Amino acid sequence: MVAPYDVKLSGFTGGGINAITRSGTNSFSGSIFGYGRNQSIVGKSPDALKTAYPDFTEYQIGGRIGGPIIKDRLFFFASAELTNYTRPYANTSLATGSAGIAAYGDSITTIMNGKGFNVGSYGSVDLKRPSTKIFARLDFNLNENNRLTLRHNFVDGADDILANRNRNNYLTFGSYTYRLASVTNSTVLQWNTTISNNMSNELIVGYTRIRDKRELPFAESPEIEIRQGGNTYTLGSDRFSPANKLDQDIIEFTNNFTWNIGDHILTFGTHNEFYTFSNLFIRSFYGYYVFNSFEDFKNSKVGSYQRAFARSGDSYDNRPSADFSANQFGLYAQDEWQVNGALRLTFGVRVDMPTFPKTPAANDSVSKYFSGYSTSGVPDGKLLFSPRAGFNLSLTDDRAAQLRGGLGIFTGKVPYVWVSNNFANTGLLTAELAGGNGTVFSLDPRVQPKVGDPGTGAPNLQSEINMIDPNFKFPQLFRINAAYDQKLPWEFVGSLEVIYSKTLNEVMYEKLNISKYSTPTAIASELNRPVYGGTDSKNSNFRDVLSLKNTSEGYQMNFAIQFQRYVARGLSVNFGYTHGIAKI
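Heads up: these notes are all about the structure in this document.

Criteria and cut-off values
Residues numbered from 1 in each chain as written. Predicted model: local features only at pLDDT ≥ 70, side-chain atom pairs only at ≥ 80, totals over all residues. Heavy atoms only, no water. Buried < 20%, exposed > 50% of the residue type's maximum accessible area, 1.4 Å probe, protein only. Helix = DSSP H or I, 4+ residues; strand = E, 2+ residues; numbered from the N terminus. Arc of directions from axis to C-beta. Contact = heavy atoms within 4.5 Å. Polar contact = N/O pair within 3.5 Å; in protein donor to acceptor, adjacent residues only side chain to side chain. Phe/Tyr/Trp six-rings, centres within 6.5 Å; stacked < 30°, edge-to-face > 60°. Lys NZ or Arg CZ within 6 Å of the ring centre and 35° of its normal. Core = buried A, V, L, I, M, F, W, Y, C linked by side-chain atoms within 4.5 Å. Expected span 1.5 Å × (residues − 1). Salt bridge = Lys/Arg side-chain N within 4 Å of Asp/Glu carboxyl O. Pairing = 2+ DSSP bridges. Axes fitted to C-alpha atoms, helices over the stretch in contact; angles between N-to-C directions.

**Remarks on helix H5 (residues 416-424)**
Restricting attention to buried positions, one finds in H5 the residues Tyr-416, Val-419, Ser-420, Asn-422 and Phe-423. Taken down its axis, H5 places every buried residue within 145° of arc, on the same side. Considering only its buried residues, H5 is in contact with strand S13 (264-281), strand S16 (322-338) and strand S21 (463-468).

Okay, here's the thing in structure tokens:
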């Protein structure tokens, strides 16, 4: 749904998806399915070499079952699906890199095996993308006026990631792999009530629990980077992964009251969401070693070292996270007016209000160097109005031709992980340790160099800072569209539509401590576009100081033409063409 003018639908500025699930009936029914493919059925490379694709497997299997528990009253439905995608991934450098790169890879493997650490293969490895999806639903007809629906959705998915293997001067080992793992449990209770012949109510209560994290398939270790002869060899735990996870808990409460009065259908409703987040991200928590040559690596001579740790105490178990909550309240009213047999009008208005019960910690040094800014600011209690109007006009008595369209404001959401940066990057949670010549190399993440150890200096308190403008508003845009639908011969339907969208509030980051405002660099290949760079660290206190703000710049236009034929029996066809323009 790109331009629905029903005010019950919100939370997006681009488009929404309306998913309808199956339910049980008075008859038992079920089905099973399976799909699969491998390298034998995908052909060869499209270039002149016509190279066969390496071995891979992809499959999807599942099934469903539904039926009555109590005839005419209680029904069940359940479905399950398993998928997996196994794909080989080789280092490009082995084929197109410099001579001798594999020999160094063998030597590194031998050295690390001597230390009791499995670096994994630098040759082709199999990466996997498994998932398990389970859905269950109960429908209970309490009486002729009340119906309950309880549904639960479970998704457990993962994706193996191994970076830098597509570069001809990098050799990465299997131990550099991390797995993006995500588990979602979502439960929804829906109660539909018929109050009278012209009044009804819909109550929806939902709870969603999401757990995202990065898993390490190999033994925990610092990240190790070896630079030799213009090539880079990477092994050990990816430094962005050991302390990286996001927990989300979301409670939803929605109630819609509908009242039919003559030619009018009035809707009054509320939609509310309550979020709780815990976002952990500490870069280089297990340490990050760089060796400037193979000989240095062989002799454990560290070129540079970096590790981040909690200011409240440097230990393996102390991993401070950004914990915060957010609420979004929504109220709306709407009138669907059937003016006559040909014309239907929809008018509605919606008001959303996001709130943040907690505020980030205040870093006094930020306010000192950036007047008017504070790390503790949040955009609490901003009212977001979304008036909308739509129409549908039948041009012929048999509804063979119609005009439809409308205009209104749509309010979306900001990715809350961006907001979490304001709680995590206040400059007060973590510090960094830097080292170099003399730093003692250790593979054990629990036994890493600390402040004052050989080769280290004082803790580096220089931080990246993230803030949010207290006047920040969630994304909003104005959208208007018009469309013409026409029934054609042979049961075809043709449609022509145009949509125009204008940004009202969009999200942008502003770097506050750019040092080269007066001397930008002109990019000749981009029509001398000026690029403003450099960082003013303000007496070595900060790296990037970023503020989340709004912009009203930008618009979009889309033109679409479509021909479709949907029939119960026979040939169904859908052909469409879309042309879009977007400018900022």
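**Observations regarding the environment of Glu-252**
One can find Glu-252 in strand S12 (residues 244-261). For the pair formed by Glu-252 and Phe-135, sequence separation is 117 residues and the distance between their alpha carbons is 19 Å. With sequence-adjacent residues up to four places away left out, Glu-252 is seen in contact with Ile-204, Val-205, Gly-206, His-271 and Asn-272. Within the structure, Glu-252 has its side chain in polar contact with the side chain of Thr-254 (distance 3.2 Å).

**Topic: the packing of aromatic side chains**
What the rule picks out here adds up to 28 aromatic pairs. Centre to centre, the rings of Tyr-369 and Phe-542 are 5.9 Å apart; their planes meet at 85°, and the pair counts as edge-to-face. On the criterion of sequence distance, the pair formed by Tyr-369 in helix H4 (residues 364-369) and Phe-542 in strand S26 (residues 542-551) is long-range, its members being 173 residues apart. Residue Phe-542 is classed as buried on the basis of its relative accessible area, which comes to 2%. In this structure an aromatic cluster arises from ring pairing among Tyr-104, Tyr-233, Tyr-289, Phe-291, Phe-294, Phe-297, Tyr-305 and Phe-441. The cationic tip of Arg-319 hangs over the ring face of Tyr-316; the distance from NZ or CZ to the ring centre is 4.6 Å. Sitting over the ring of Tyr-316, Arg-446 keeps its end group 3.8 Å from the ring centre.

**Some remarks on the nonpolar core**
Residues Ile-108, Met-112, Ile-224 and Phe-297 are the most contacted members of the largest nonpolar core, which totals 24 residues. Of all the secondary structure elements, the ones that give two or more residues to this core are helix H2 (101-114), strand S10 (223-228), strand S11 (231-236), strand S14 (288-291), helix H3 (294-298), strand S15 (304-310) and strand S20 (430-435). No other element matches the four residues that H2 contributes to this core. Counting residues in each nonpolar core, the second largest holds 19 residues, with Phe-356, Val-378, Leu-384 and Val-414 among its members.

**As for unusual backbone geometry**
Most peptide bonds are trans, and most residues other than glycine sit at a negative phi. In the Ramachandran plot, Asp-72 falls in the positive-phi region, its phi being about 70° despite a non-glycine side chain. Using a relative accessible area of 46% as the deciding quantity, one classes Asp-72 as partly exposed. In the Ramachandran plot, Ser-300 falls in the positive-phi region, its phi being about 55° despite a non-glycine side chain. Position of Ser-300 among the secondary structure elements: in the loop between H3 and S15.

**Some words on H2**
The terminal C-alpha atoms of H2, which comprises 14 residues, lie 20 Å apart, in line with the 20 Å expected from a rise of 1.5 Å per residue. Every buried residue of H2 is listed here: Ile-101, Gly-105, Ile-108, Thr-109, Ile-111 and Met-112. All buried residues of H2 project into a common sector of 165° when viewed along the axis, lining one side. Among the exposed residues of H2, those pointing more than 90 degrees away from its buried face are Thr-110 and Gly-114.

**Overview of the pattern of salt bridges**
If you walk through the whole model with that rule in mind, you get 27 salt bridges. Put simply, Arg-211 and Asp-247 hold a salt bridge, and the shortest N to O gap is 3.7 Å. One end of the pair, Arg-211, is in strand S9 (residues 199-215); the other, Asp-247, is in strand S12, with 36 residues separating them in the sequence. Judged by relative accessible area, Asp-247 falls into the buried class, the value being 18%. A salt bridge links Arg-404 to Glu-497; its shortest N-O distance comes to 3.8 Å. Here Glu-497 lies in strand S23 (residues 492-511) and Arg-404 lies in strand S19 (residues 401-411), a separation of 93 residues in the sequence. Several salt bridges share partner residues, and in doing so they unite Arg-87, Arg-129 and Asp-159 into one network.

**Thoughts on the sheet that holds S11**
Neighbouring strands of a sheet are bound in pairs by backbone hydrogen bonds; such pairs are parallel or else antiparallel. Read from one edge of the open sheet, six strands run S7-S11-S10-S14-S15-S20, paired in mixed fashion. Strand pairing shows two members of the sheet lacking a second neighbour, strand S7 (170-172) and S20, which therefore form its edges. Taken pair by pair, the neighbouring strands of this sheet meet at an average axis angle of 15°, ignoring direction. Running at roughly 30° to S11, H2 makes contact with S7, S10 and S11 of the sheet.

**A short note on the pairing of S23**
Pairing analysis gives 13 bridges linking strand S22 (residues 476-488) to S23, with the strands arranged antiparallel. Directly across from Phe-478, in S23, lies its bridge partner Lys-502. Linking S22 to S23, which pair antiparallel, is a turn of three residues; within it Trp-490 sits at a positive phi near 60°. Judged from the 10 bridges that link them, S23 and strand S27 (residues 555-565) form a sheet pairing that is antiparallel. Bridge pairing links Ser-501 to Gln-556 in S27. Direction of pairing for S23 relative to S26: antiparallel, over a ladder of six bridges. By the bridge assignment for S26, Met-508 is matched with Lys-549.

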